[in-house]
Amino acid sequence: MPAFNRAQLGIVLLLGAVLLGVYVWRGNFVGTPAAPTATLPTPVFVEVTGEVPHPGVYAFPAPPTLLEVWRQAGGVEPAPQPATLLSSGTLVEVDQEGAWRLGRMSGERLRTLGAALDLNTASARDLEALPGIGPVLAQRLIQHRENHGPFKTLEDLLAVPGIGKKKLAQITPFLMVSSP
C-alpha cells in the first residue's frame, strides 16, 4: 500500500469534499424544498363476478357507469342501459342468463385494494377485516347501527362499547361514512 505525504492526503480529502458537495447540490438534498406534488386521484374499484368472459376487479379514474363496467368485463349483449354511476367498492354479479345484481365487495377485498369500508353498509364479517376488530366488536358495531340508526360521523363510533380514542385512530383510515 503506497504511503501518502500530508500534501497528497490534503488534496485527496479536498477532492472528496468537492465531489460530496456536487453530489448533494445536484441531488437537491439541501436548499429549497421541492414543490408539493399533486395528489393522485383515488381510483374507483368495481368487481365483476359470475358469467362474464373477464371477471375481476377493475379500476377506473372516475365513477364508471354500469354499462362501462359491463363492457370492460366482456358482458354479453344486450348490455344494461342504466346510466347509474357506480361507487368504489361496488360488486356486479352476473348470472347465467346475463341478469345482473349490484352489491358490495367484501371488507377483505376492500382492505386489499386500500379502499375504505362504508360503516353504514358493512356487514359484521366486513368489519372483522379491520385491524383490532374481532367478531364480538363487529357485532357491537352492527347492533349499535341497528339500535341508533346510521352513523353520521366516524366519531360516533366512540359511543360503541369497546371503541376508544386509540381504537378509533387505528381504524379510521379504513372507514368512511355514507350519507344516511
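In this text, all values refer to a predicted model and were calculated from it rather than measured experimentally.

About the criteria used
- Residues numbered from 1 in each chain as written.
- Predicted model: local features only at pLDDT ≥ 70, side-chain atom pairs only at ≥ 80, totals over all residues.
- Heavy atoms only, no water.
- Helix = DSSP H or I, 4+ residues; strand = E, 2+ residues; numbered from the N terminus.
- Expected span 1.5 Å × (residues − 1).
- Buried < 20%, exposed > 50% of the residue type's maximum accessible area, 1.4 Å probe, protein only.
- Arc of directions from axis to C-beta.
- Contact = heavy atoms within 4.5 Å.
- Pairing = 2+ DSSP bridges.
- Lys, Arg positive; Asp, Glu negative; His and termini not counted.
- Salt bridge = Lys/Arg side-chain N within 4 Å of Asp/Glu carboxyl O.
- Polar contact = N/O pair within 3.5 Å; in protein donor to acceptor, adjacent residues only side chain to side chain.

Caption draft 1: Examining helix 5 (residues 135–148) more closely. Between its first and last C-alpha, helix 5 extends 20 Å over 14 residues, near the 20 Å set by a 1.5 Å rise per residue. All of the buried residues along helix 5 are L137, A138, L141, I142, H144 and R145. Considered in projection along helix 5, the buried side chains sweep an arc of 160° and stay on one side of the axis. In helix 5, those exposed residues whose orientation departs by more than 90 degrees from the buried face are P135, V136, E146 and N147. Where helix 5 is buried, its residues contact helix 4 (124–127) and helix 6 (165–171). Among the residues trailing helix 5, G149 stands out with phi positive, at a value near 90°.

Caption draft 2: Region of the structure containing the pairing of strand 2 (residues 56–60). Bridging between strand 1 (residues 44–50) and strand 2 involves five bridges; their strand directions are antiparallel. Across the sheet, the residue bridging to F45 is A59, located in strand 2. Taking the residues that link successive antiparallel strands as the turn, the strand 1-strand 2 hairpin has five residues.

Caption draft 3: Highlighting the side chain of T65. Tracing the backbone through its elements, the reader meets T65 in the loop between strand 2 and helix 2 (66–72). With residues up to four places along the chain from it excluded, the contact list for T65 reads A83, T84, L85 and L86.

Caption draft 4: Here's a closer look at the side chain of R145. Looking at the secondary structure, you find R145 in helix 5. Here R145 sits buried without a salt bridge, and the closest side chain of opposite charge, E146, lies 5.9 Å off (N-O distance). In this structure the side chain of R145 is engaged in a polar contact, spanning 2.9 Å, whose partner is the backbone oxygen of A122. Aside from chain neighbours lying at most four places away, what touches R145 is L119, N120, T121, A122, P150 and F151.

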